[in-house]
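# Structure at a glance
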Amino acid sequence: MGDRSAWARLETVYVFLVSLHSLLIGVGLIVATDWILDFAGWEEVQHNFFPRQSGAFHMVLALGYWVEHRRHGTIFLMVLAKSAAVIFLLVMSPWKEAWSVPFSGVADGLMLVGMWVVNRQARRAV
């Protein structure tokens with residue numbers, strides 16, 4: 001995969017997949033709040049407002065990732081959001097929370113590193 005067009009296509013697919021992931025997380029948090037929270041290991045949540053708000057936030061980010069990439073060919077919002085997520089999820093006492101907190105931090109970190117590598121290759125390839 002040495003030519004720019006192959007890396008650029010891979011970058012577009014990657015942005016789409018990360019966007020789709022965030023969109024599905026968002027929709028799940030809004031429409032299946034109790035099931036998602038139970039699955040993710042949250043034993044007691046008194047109100048569903050904030051998990052649903054998180055779902056709306058995920059959906060906005062998903063759209064932002066996709067629109068930014070399609071309009072400008074950049075991934076700044078994704079790098080910013082995933083970096084903040086990794087720091088927040090892995091630093092904010094995740095080991096006392098549900099299993100999904102550190103898992104999500106690692107998953108977001110892997111998405112961030114993968115996207116950064118693909119983006120750099122797409123920018124370097126001639």
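Now for a look at the structure at hand. For every chain, the first residue of its written sequence is number 1, and the numbers climb from 1 along that sequence. Where local features are concerned, this predicted model is filtered to residues with pLDDT of at least 70; where side-chain atom pairs are given and counted, the filter is 80 or more; whole-chain, interface and lining totals use all residues. Hydrogens and water are ignored here; the side-chain numbers use all heavy atoms of the structure.

### Regarding the packing of aromatic side chains
Stacked, edge-to-face and tilted labels apply to pairs of Phe, Tyr and Trp rings (six-membered ring for Trp) whose centres lie within 6.5 Å, assigned for plane angles under 30 degrees, over 60, and everything in between, in that order. On inspection of all chains with the given rule, the structure shows 5 aromatic pairs. Look at Phe16 and Trp66: their rings are 5.7 Å apart centre to centre, the planes differ by 75 degrees, and that puts the pair in the edge-to-face class. Highlighted residues: Phe16 in helix H1 (residues 4-31) and Trp66 in helix H3 (residues 49-72), separated in sequence by 50 residues. Through pairs of rings, three or more aromatic residues link up here, namely Trp35, Phe39, Trp99 and Phe103. Each helix is a run of H or I in the DSSP string that is no shorter than four residues. Each strand is a run of E no shorter than two, and both are numbered from the N terminus.

### Observations concerning the environment of Arg124
You can see Arg124 is positioned in helix H5 (residues 100-124). You can call Arg124 exposed: its relative accessible area is 62%. For every residue, the accessible area (1.4 Å probe, protein chains only) is compared with the maximum for its type, and the residue is labelled buried under 20%, exposed over 50%, or partly exposed between those bounds.

### A word on the pattern of salt bridges
In the sections that follow, a salt bridge refers to a side-chain nitrogen of Lys or Arg positioned within 4 Å of a carboxyl oxygen of Asp or Glu. In this structure the tally under the stated criterion is 2 salt bridges. Here Arg123 and Glu11 are joined by a salt bridge, their closest N and O atoms 3.1 Å apart. In this pair, Arg123 sits in helix H5 while Glu11 sits in helix H1, placing the two residues 112 residues apart along the sequence. Classification of Arg123 by relative accessible area gives partly exposed; the value is 36%. Note that Lys82 and Asp108 form a salt bridge whose closest N and O atoms lie 3.0 Å from each other. Taken together, the residues span a long stretch of sequence, with Lys82 in helix H4 (residues 76-91) and Asp108 in helix H5 at a distance of 26 residues. Side by side, Lys82 and Asp108 carry an identical accessibility label, which is buried.

### A word on the environment of Asp108
For Asp108, a relative accessible area of 10% corresponds to the buried category. Residues Asp108 and Leu63, spaced 45 residues apart in sequence, show a C-alpha to C-alpha distance of 17 Å. What makes two residues a contact is simply this: any of their non-hydrogen atoms within 4.5 Å. Excluding residues that lie within four positions of it along the chain, Asp108 makes contacts with Lys82, Ala85, Val86 and Leu89.

### A closer look at the environment of Trp99
The residue Trp99 is located in the loop between H4 and H5 in this model. Judged by its relative accessible area of 45%, Trp99 is partly exposed. Spatially, the C-alpha atoms of Trp99 and Val31 are 22 Å apart, while their sequence positions differ by 68 residues. Ignoring any residue separated from it by four or fewer positions in sequence, one finds Trp99 in contact with Phe39, Ala40 and Gly41. N or O atoms closer than or at 3.5 Å make up a polar contact, with two conditions inside protein: a donor-capable atom paired with an acceptor-capable one, and, for residues adjacent in sequence, both atoms drawn from side chains. Side-chain polar atoms of Trp99 contact the backbone oxygen of Ala40, separated by 3.2 Å.

### Section: the nonpolar core
Counting 9 residues, the largest nonpolar core consists of Val15, Val18, Leu61, Tyr65, Ile75, Met78, Ala81, Met111 and Met115. Where this core is concerned, the elements lending two or more residues are H1, H3, H4 and H5. Setting aside residues no more than four positions away along its own chain, Met115 makes contact with Glu11, Tyr14, Val15, Ile75 and Met78. By nonpolar core is meant a set of buried Ala, Val, Leu, Ile, Met, Phe, Trp, Tyr and Cys residues that side-chain atoms within 4.5 Å join together.

### Looking at the packing of H4 against H5
Axes here mean lines fitted to C-alpha atoms, for a helix over just the part in contact, with angles spanning 0 to 180 degrees between N-to-C directions. Between H4 and H5, whose axes approach to 8 Å, the crossing angle comes to 150 degrees. Comparing their axes, H5 and H4 come out roughly antiparallel. The element H4 and its partner H5 pack so that their crossing is left-handed. For the pair H4 and H5, the contacting residues are Met78, Val79, Lys82, Ser83, Ala85, Val86, Leu89 and Leu90 in the first and Val101, Pro102, Ser104, Gly105, Val106, Asp108, Gly109, Met111, Leu112 and Met115 in the second. Classification used: nonpolar for Ala, Val, Leu, Ile, Met, Phe, Trp, Tyr, Cys and Pro, charged for Asp, Glu, Lys and Arg, polar for all others including Gly. Tallied by class, residues from the contact of H4 with H5 come to 12 nonpolar, 4 polar and 2 charged. Working rule for angles: under 35 degrees goes down as roughly parallel, over 145 as roughly antiparallel, 65 to 115 as roughly perpendicular, anything else as oblique. Handedness of each helix crossing follows the sense of rotation of the near helix against the far helix: counterclockwise by less than a right angle gives left-handed, clockwise gives right-handed.

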